[in-house]
Amino acid sequence: MQAVIAPPAPPPPDPHTLMPALEQRIAVLIADARSRLDPNAHALMIDPELSDVARKRAIDMASKNYIAHTAPNGDTSATILMAEDAHFQGLLGENIAAQHYTPAIGVDVEGFARRFVATWLASAPHKENLSFPDYNHTGVGAAVNGDTVYVTQLFSTDLGLGPHPDDPLPPVTGEMRSAAAISDAARQVAASSMNS
């Protein structure tokens, strides 16, 4: 009898392609955690400007292999935001984290998102930051280097100040997608990566 040799398993999807799904999943899990911690906390709206800054911070940490609220060149999320939007008025909070992964196994979006959120919830300062009830906007950025995923989540509130008098248009925000929709999107990305 001849032994049957199973074909090798396909390689995991490129982790870079999974970062948008990871960002979305973290945002949903944080929204769920906030509602459990304080049912009266403001709902968080995804803010494209905050998402862009969070992504820039995550990419910077990944490219320079560090984890800190201040970049080696002195930049912070606040300085980047103010450089891009001099009219920003309000509070800005930031949670950062990093997780190693094994390239041969890849990045499991659901597992990584849950571990990032669990890490923040287990840390009193991070938990306090993410549950601050007046925050009403958020943005999540994720980036990867050789064996580590870096995440930045920003939170903000305008303190009821309203738009800056020089702003021509109100800020654009987007609704958070449901956990099921994000999970479906992550599966589609993973499936298309394996088929290509």
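Scroll up to find the structure this text is about.
Keep in mind the model is a prediction, meaning the values are calculated, not measured.

## Focus: the environment of Gly139
Item 1. Relative to the assigned elements, Gly139 resides in strand 3 (residues 137-144).
Item 2. C-alpha separation for the pair Gly139 and Asp52, spaced 87 residues apart in sequence, amounts to 7.5 Å.
Item 3. Leave out the neighbours within four places in its chain, and Gly139 touches Asp47, Leu50, Ser51, Ala54, Thr152, Gln153 and Leu154.

## Examining the side chain of Ser51
Item 1. Of note, Ser51 is situated in helix 2 (residues 48-64).
Item 2. Judged by its relative accessible area of 8%, Ser51 falls in the buried class.
Item 3. The residues contacting Ser51, other than those within four sequence positions of it, are Ile46, Thr138, Gly139 and Val140.

## Describing the nonpolar core
Item 1. The biggest cluster of nonpolar side chains holds 27 residues, and the ones touching the most others in it are Leu22, Ile26, Ile30, Phe116, Val149 and Val151.
Item 2. Mapped onto this core, the elements with two or more residues apiece are helix 1 (15-37), helix 4 (109-121), strand 3 and strand 4 (148-157).
Item 3. Sorting elements by how many residues they give to this core places helix 1 first, with 8 residues.
Item 4. In this structure, Phe116 is in contact with Leu22, Ile26, Ala97, Ala98, Gln99, Val149 and Val151, ignoring residues within four places of it in sequence.

## A word on helix 4
Item 1. The end-to-end C-alpha distance of helix 4 is 18 Å, a good match for the 18 Å that 13 residues give at a rise of 1.5 Å each.
Item 2. For helix 4, the complete set of buried residues consists of Val109, Gly111, Phe112, Ala113, Phe116, Val117 and Trp120.

## Regarding the sheet that holds strand 2 (residues 91-100)
Item 1. If you trace the 4 strands from one edge of the open sheet to the other, you get 1-3-4-2, paired in mixed fashion. Lying at the two open borders of the sheet, with one neighbouring strand each, are strand 1 (45-46) and strand 2.
Item 2. Across the sheet, helix 2 lies against strand 1, strand 2, strand 3 and strand 4, angled at about 25° from strand 3, the strand it touches most.

Definitions and cut-offs
- Residues numbered from 1 in each chain as written.
- Predicted model: local features only at pLDDT ≥ 70, side-chain atom pairs only at ≥ 80, totals over all residues.
- Heavy atoms only, no water.
- Helix = DSSP H or I, 4+ residues; strand = E, 2+ residues; numbered from the N terminus.
- Contact = heavy atoms within 4.5 Å.
- Buried < 20%, exposed > 50% of the residue type's maximum accessible area, 1.4 Å probe, protein only.
- Core = buried A, V, L, I, M, F, W, Y, C linked by side-chain atoms within 4.5 Å.
- Expected span 1.5 Å × (residues − 1).
- Pairing = 2+ DSSP bridges.
- Axes fitted to C-alpha atoms, helices over the stretch in contact; angles between N-to-C directions.

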